[in-house]
Structures are given as C-alpha cells and as structure tokens.
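Structural characterization, general
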Amino acid sequence: DAVWAVDYKTNAAVPRTPNEVPLGILRQMGAYGEALAQVFPDKDIKTSLLWTATAELMHLPHDIVRDALETTPTS
C-alpha cells in the first residue's frame, strides 16, 4: 500500500527529531517523495532516514519534507 524511500546517512551528529534534520536533507527527501509520487500515483509515499552512526530509522512526516522542498530556490 506504500512506497518507502529510505536514505542512509553517515552524519556523525544525528539529529534527535525530524525538525532538527538539516534543511538540505529534508529537501532531498522531499524531491525523492515527489518523484516517487509521479511513478506510483496510487501509493502512499513515506520517507525515512537511516542514521548509520546509531542504526536508527527516523520517519519523516510528509509535511516537513514537502515544506522543505517548497523552499528550494529555483534558478
């Protein structure tokens, strides 16, 4: 019922919450989510980060990645 985009991150400093994830990473995940939504229009798209330093899977709320992607500058 869903398509998951999981990106492995090797950052030494792991954010405690999705709100603390760097904006660039949130934008990247938002772009992945948008691309997957075009390929799988009938599926729920979920994005997560797997922090390798702590082996923690952090689910990213859709509104956070969408809002971050909307702030991406265009040329």
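Here, every reference points to the structure presented above.
First things first, this report covers the structure right here in the doc. (Residues numbered from 1 in each chain as written. Predicted model: local features only at pLDDT ≥ 70, side-chain atom pairs only at ≥ 80, totals over all residues. Heavy atoms only, no water.)

1. Quick notes on the sheet that holds strand β2 (residues 44–51)
- With mixed pairing, three strands are arranged side by side in an open sheet as β1-β2-β3. Edge positions in the sheet fall to β1 (2–9) and β3 (56–60), since each has one partner strand and no second. Neighbour-to-neighbour, the strand axes of this sheet turn through a mean angle of 25°, independent of strand direction.
- Sheet topology note: the β2/β3 ladder contains five bridges and is antiparallel. Residue pairing in the sheet places W51 in a bridge with E56 of β3. (Pairing = 2+ DSSP bridges. Helix = DSSP H or I, 4+ residues; strand = E, 2+ residues; numbered from the N terminus. Axes fitted to C-alpha atoms, helices over the stretch in contact; angles between N-to-C directions.)

2. Concerning the packing of helix α1 (residues 23–39) against helix α2 (residues 62–70)
- Contact geometry for α1 and α2: axes closest at 7 Å, N-to-C directions at 100°. Relative to α2, the element α1 is oriented roughly perpendicular. Contacts between α1 and α2 involve L23, L26, R27, M29, G30, A31 and E34 on the former and, on the latter, I64, V65, A68 and L69.
- Looking at side-chain class alone, the contact of α1 with α2 contains eight nonpolar, one polar and two charged residues. (Parallel < 35°, antiparallel > 145°, perpendicular 65-115°, else oblique. Contact = heavy atoms within 4.5 Å. Nonpolar A, V, L, I, M, F, W, Y, C, P; charged D, E, K, R; others polar.)

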